[in-house]
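For reference, the chains in residue letters:
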Amino acid sequence: MDNQDGDSVWRAVPGTQYNVDFSDTGGSLLDRLQLRVTSGPGQTGTVLADWFDLAAAPVSSAAYTANFELAVSTWLALPEGQSYVSARAYDTAGNYVTAADVFYVRKDTTPPAAPALLSPVQGGTAAALPLTFSWSAAADAASGVAYYAVYLSTSQDFAVVYSSVQTVPAQYQFSPA
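Scoring rules and cut-offs
- Residues numbered from 1 in each chain as written.
- Predicted model: local features only at pLDDT ≥ 70, side-chain atom pairs only at ≥ 80, totals over all residues.
- Heavy atoms only, no water.
- Pairing = 2+ DSSP bridges.
- Helix = DSSP H or I, 4+ residues; strand = E, 2+ residues; numbered from the N terminus.
- Axes fitted to C-alpha atoms, helices over the stretch in contact; angles between N-to-C directions.
- Core = buried A, V, L, I, M, F, W, Y, C linked by side-chain atoms within 4.5 Å.
- Buried < 20%, exposed > 50% of the residue type's maximum accessible area, 1.4 Å probe, protein only.
- Contact = heavy atoms within 4.5 Å.
- 1 Å grid on protein atoms, 1.4 Å probe; cavity = no way out; pocket = protein on both sides within 12 Å on 5 of 7 lines; lining within 4 Å.
- Points joined across faces, edges and corners; volume = space filled by probe spheres on them.
- Nonpolar A, V, L, I, M, F, W, Y, C, P; charged D, E, K, R; others polar.

**Digging into the sheet that holds strand β4 (residues 44–55)**
Taking strand neighbours across the sheet as the criterion, the 5 strands line up as β1-β7-β6-β3-β4 in an open arrangement whose pairing is mixed. Whereas interior strands pair on both sides, the edge strands pair on one side only; in this sheet they are β1 (7–11) and β4. The mean inter-strand angle of the sheet, taken between neighbouring strand axes irrespective of direction, is 30 degrees. Note: strand β6 (residues 81–91) against strand β7 (residues 96–107), 9 bridges, orientation antiparallel. Looking at β7, one finds that Val-85 is bridged to Phe-103.

**Focus on the nonpolar core**
Phe-22, Leu-33, Phe-103 and Val-105 are the most contacted members of the largest nonpolar core, which has 21 residues in total. Within the residue set of this core, elements represented by two or more residues are β3 (30–40), β4, β6 and β7. Every residue in contact with Leu-33, bar those within four places of it in the chain, is listed here: Phe-22, Phe-52, Asp-53, Leu-54, Ala-55, Val-59, Tyr-64, Arg-88 and Ala-89. By size, the runner-up hydrophobic cluster in this structure holds 9 residues, among which are Phe-133, Tyr-148, Tyr-172 and Phe-174.

**Thoughts on empty space enclosed by the protein**
One pass over the structure, following the stated rule, counts 1 cavity of 30 Å³ or more. One number sums up the size of the largest cavity: a volume of about 40 Å³. As for the largest cavity, its lining consists of Arg-11, Val-13, Pro-14, Gly-15, Thr-16, Tyr-18, Leu-70 and Trp-75. Residues belonging to the lining of the largest cavity are distributed by class as follows: 5 nonpolar, 2 polar and 1 charged.

**Topic: the environment of Ala-89**
With respect to the helices, strands and loops of the structure, Ala-89 is situated in strand β6. Overall, Ala-89 belongs to the buried group, its relative accessible area being 7%. Along the backbone, Ala-89 and Pro-112 are 23 residues apart, and their C-alpha atoms lie at a distance of 40 Å.

**What to know about the pairing of strand β10 (residues 148–153)**
Here is the key point about a regular strand: its side chains alternate between the two faces of the sheet. Here β10 shows a clear split, with Tyr-148, Val-150 and Leu-152 buried on one side and none of Ala-149, Tyr-151 and Ser-153 buried on the other. Here β10 runs beside strand β11 (residues 161–167); their pairing, made up of 6 bridges, is antiparallel. Looking at the pairing, Ser-153 lines up with Val-161 of β11.

Read these as geometric descriptors, not functional statements.
Structure below.
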């Protein structure tokens, strides 16, 4: 049933395709396919979306292999952090099987807290190069901080960017080329 590992990428928007296949080998064919989303593994924690149809009855097929997205309404019901998706398949004879945690989803829609410039002084001038910029580390409770984007400009509105860089440490040394 499960072809989908956990979705280890932190997502800020819905639209990811998931691959969970269903089959009935007993000969009576698939009837209905459902998903359930919980906040904890093994269908524990809060039920975020109780059993809902992925494919409504009757499926009338021995296999269902179409990839799918979580509905926007389901995505919006997910809290920040990791949520677990379980699957259930019914056949036309009324038998069913449940598979817990066929995949998980990581959601982070909150931007990190803004870092504070430590040096040089905001609005200050520098007489010597190289110039070292440092700032307090930003915090992001869910996915963490991937990098800092540093832009240098000689105009206050940043109409012309003189230099830009992506850096991981909370420090950047600027030396003109």
